[in-house]
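Structural description and commentary
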Amino acid sequence: MTEDATAQDVLTVRREKLERLRAKGIEPFALRFDRDATTAEIAGKFAGLEPGEDSGQVVRVAGRLVGLREHGKLSFGVLRDGTGDVQLFLSAETLGADAYAALEDLDLGDWIGAEGEVVRTKRGELSVRPARLVLLTKSLRPLPEKWHGLRDVELRYRRRYLDLATNEEARARLAARARMLAALRGHLDGLGFVEVETPVLQPVAGGGLARPFVTHHGALDIDMYLRIALELYLKRLLVGGMERVYEIGRTFRNEGISPKYNPEFTMLEAYQAYGTYEDMMDLTEGLVKASAEAVNGSRTYSWRGTGVDLDRPWPRITLHDAVAEAVGRDVTTDTPVEDLQRVADERGVGYDPAWPAGKLVVELFEKLVESNLVAPTIVKDFPREVSPLARPHREDPRVTEHFDLIMGGVEIVPAYSELTDPDEQRARFEMQRAQAAAGDDEAHPFDQEFLVALEHGMPPAGGMGLGVDRLLMVLTDAPSLREVILFPALRPES
RNA sequence: GGGGCGUUAGCUCAGCCUGGUCAGAGCAGUGGGCUUUUAACCCAUGUGUCGGGGGUUCGAAUCCCUCACGCCCCA
């Protein structure tokens, strides 16, 4: 038997332990365990306990066994629950000889409950000294290597539970995300915004320029789309008289996967009646600062080695000025498309010769400027061609009152003074339809129902959308969007 | 779509350039010892489709081709 066992692999050995436990009448998948303390509570409550001192107080804790150091008739375990770790001081003396011997059926990764006195060891480690130890769930597969954890990024994403079980950083990111979402909601709620929910399944995928996922509704026998944005339904609510609304929800874009793109991502959109894009700049600043405080506890953070202080004024420059500065020559709304093409050629920026000037300027911006903007920068007044839902600029109607917030070299927020004129909106949709006919598969679809809503009258408003995953990535200096998304999109395992 | 890097034990990795005891280490596991450890330690010990397929060669984890998957960069 011993000879056989040594020839077995790790998984088989654990299965054998499982059977051995059952043979002894121990249920390896227990129903429940009534714990009365978390490891964090113990750490707080007994912080003053001196080395070598016993508290005289008994607690019941539960969690995963993630460490075990055996010393003959004395062993030290590490129990991890949702709040932290605590050491288990396992002695044959306290536990009893039989229970102590039963440790041999335990493995790292098992879920256990322990009841015992809180003590601090001679070496100063706060511990629970169990008089009773209960197996709650037997783990049949080993945890990742205890020192390095999971390094294989693909495995970390596919089996995020192992990443969370062994990687403090992964747990911290998850917690930071929750705090950030709460802060965003808190900030908006405090300003009188009402949280709403609008359709994910839409007959027309509007509100942005992106290729949607298509699905099919069986009973209606029509194709439907997963939303690429929240915008057009939130605007309908403005038509209905709701003055401040927001939604935080998943949106979907059928595009590539990269450190900056995931096919599904979380978007916050907020709309404010009687607001302009200047108001949206202020709202955006407030939301980003609230997020930073929630995530990092301060309004500063570091991005790729560069410190950023959110309390410094955020530059506000026009798109054309930003491009002009980058290429070292005048670029304005008057610059003919031929001149822009020449600049693109010089800089090695690829383009479609059919593109209008506005689209080319945006391309130049994205290729030459965007990735260099580390500290938050507001880039404003985007061309009409690329911004079909924004109001024409009050001074130069060739551009719109549309700004992007760039942080960490990526677009975090687009926002507008919203277009309320239904006839102008119709003209923009026509313009997009022409671009679609010319082969642009990311052109905005024509949305007749939305035009009807606008014809009923939408109050003047500002609106903004915030990429929640991207902002969190920047604030936590995460190397990839996939680090802040628990289960990023991956090709399925064959 | 193009380019670069990667894929070796359950996990973390070495070996590849320069083909020939090159199937290795640590962790995890197994057996033994140990009543104050903190990646505990000490002794003993098992572990492989070297990503798949094909080729070159007397001989391939190693060189070549190809496919798959992943990561990064570019379009």
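These numbers were taken from a predicted model, which means no experiment stands behind them.

A short note on the overall build of chain A
The helix and strand tally for chain A stands at 16 helices and 18 strands. When the backbone C-alpha atoms are referred to their principal axes, chain A occupies close to 85 × 50 × 50 Å. Put simply, chain A has 494 residues, and 49% of those count as buried. As displayed, chain A has an accessible area near 23700 Å², and 51% of this comes from carbon and sulfur atoms.

Focus: helix α13 (residues 357-368)
With twelve residues, α13 should reach 16 Å at 1.5 Å per residue; the first-to-last C-alpha distance of 16 Å fits that figure. Gly 358, Leu 360, Val 361, Val 362, Glu 363, Leu 364, Phe 365 and Leu 368 are the residues of α13 that are buried. Residues of α13 that are buried make contact with α11 (319-327), α12 (337-347), β15 (377-380) and β16 (402-407).

Details of helix α16 (residues 468-475)
For α16, the tally of buried residues reaches eight of eight residues, placing the bulk of the element in the interior. Residues Val 468, Asp 469, Arg 470, Leu 471, Leu 472, Met 473, Val 474 and Leu 475 constitute the buried set of α16. Taken from the residues just after α16, Asp 477 is the one with a positive phi, measuring 55 degrees.

Comments concerning the pattern of salt bridges
Counting across every chain of the model gives 46 salt bridges. The residue Asp 469 makes a salt bridge to Arg 177 at a minimum N-O spacing of 2.8 Å. Within this pair, whereas Asp 469 is found in helix α16, its partner Arg 177 is found in helix α8 (residues 168-190), the two being separated by 292 residues in sequence. In this pair, the class of Asp 469 matches that of Arg 177, namely buried. Among the charged side chains, a network of salt bridges with common partners joins Asp 282, Glu 285, Lys 289, Glu 293, Arg 299, Asp 311 and Arg 316.

Concerning the protein's contact with RNA strand B
Taken together, 36 residues lie near RNA strand B, and Lys 17, Glu 70, Thr 121, Arg 123 and Lys 146 sit nearest. In RNA strand B, the atoms that sit within 4 Å of the protein are 58% sugar and phosphate, with bases accounting for the remainder. For RNA strand B, a phosphate oxygen lies 3.3 Å from a polar atom in the backbone of Lys 73. The separation between a base nitrogen of RNA strand B and a polar side-chain atom of Gln 87 is 2.9 Å. At the level of elements, α2 (10-23), β1 (54-70), β2 (74-81), β3 (84-91) and α6 (153-158) are the ones that each hand at least two residues to the surface near RNA strand B. In terms of residue class, the surface near RNA strand B is made up of 13 nonpolar, seven polar and 16 charged.

Looking at the confidence of the model for chain A
Of all residues in chain A, 98% attain a pLDDT of 70 or more, and the chain-wide mean is 93. Here residues 1-7 is modelled with pLDDT under 50, and outside its nearest four sequence neighbours on either side it reaches three contacts, counting other chains as well. The complex prediction reports pTM at 0.92, with the ipTM value standing at 0.89.

Section: unusual backbone geometry
The phi angle at Tyr 274 is positive, at roughly 70 degrees, despite the residue not being glycine. One can find Tyr 274 in the loop between β11 (264-273) and α10 (277-296). Even without being a glycine, Asp 477 presents a positive backbone phi close to 55 degrees. With a relative accessible area of 27%, Asp 477 lands in the partly exposed category.

Concerning the nonpolar core
Side chains that are nonpolar tend, in soluble globular proteins, to be buried together. Counting 43 residues, the largest nonpolar core has Leu 268, Met 407, Ile 412, Met 464 and Leu 466 as its most contacted members. If you tally residues by element for this core, the top one is α10, at eight residues. Beyond its immediate sequence surroundings of up to four residues, Leu 466 is in contact with Thr 266, Met 267, Leu 268, Leu 287, Ile 412, Val 413 and Leu 471. If you look at the next biggest cluster of nonpolar residues, it comprises 23 residues, including Ile 42, Leu 49, Val 59 and Leu 135.

Overview of the sheet that holds strand β9 (residues 222-226)
A sheet is described by the order of its strands in space; here three strands give the open sequence β7-β9-β8, paired in antiparallel fashion. Each of the sheet's edge strands pairs with one partner strand only, and the pair in question is β7 (201-202) and β8 (214-217). Note: β7 against β9, two bridges, orientation antiparallel. Within the sheet, the bridge partner assigned to Gln 202 lies in β9 and is Tyr 225.

With respect to the environment of Glu 243
Of note, Glu 243 is situated in the loop between α9 (231-239) and β10 (244-252). Residue Glu 243 is classed as partly exposed on the basis of its relative accessible area of 46%. With 29 residues separating them along the chain, Glu 243 and Gln 272 place their C-alpha atoms 5.8 Å apart. If we ignore the near neighbours within four places in the chain, the residues touching Glu 243 are Leu 238, Tyr 271, Gln 272, Ala 273 and Tyr 274.

Criteria and thresholds
Residues numbered from 1 in each chain as written. Chains lettered and ligands numbered in written order. Predicted model: local features only at pLDDT ≥ 70, side-chain atom pairs only at ≥ 80, totals over all residues. Heavy atoms only, no water. Helix = DSSP H or I, 4+ residues; strand = E, 2+ residues; numbered from the N terminus. Buried < 20%, exposed > 50% of the residue type's maximum accessible area, 1.4 Å probe, protein only. Areas by Shrake-Rupley, 256 points an atom, 1.4 Å probe, with all protein chains shown as cover. Expected span 1.5 Å × (residues − 1). Contact = heavy atoms within 4.5 Å. Salt bridge = Lys/Arg side-chain N within 4 Å of Asp/Glu carboxyl O. Near = heavy atom within 4 Å. Polar contact = N/O pair within 3.5 Å; in protein donor to acceptor, adjacent residues only side chain to side chain. Nonpolar A, V, L, I, M, F, W, Y, C, P; charged D, E, K, R; others polar. pLDDT = per-residue confidence, 0-100. Core = buried A, V, L, I, M, F, W, Y, C linked by side-chain atoms within 4.5 Å. Pairing = 2+ DSSP bridges.

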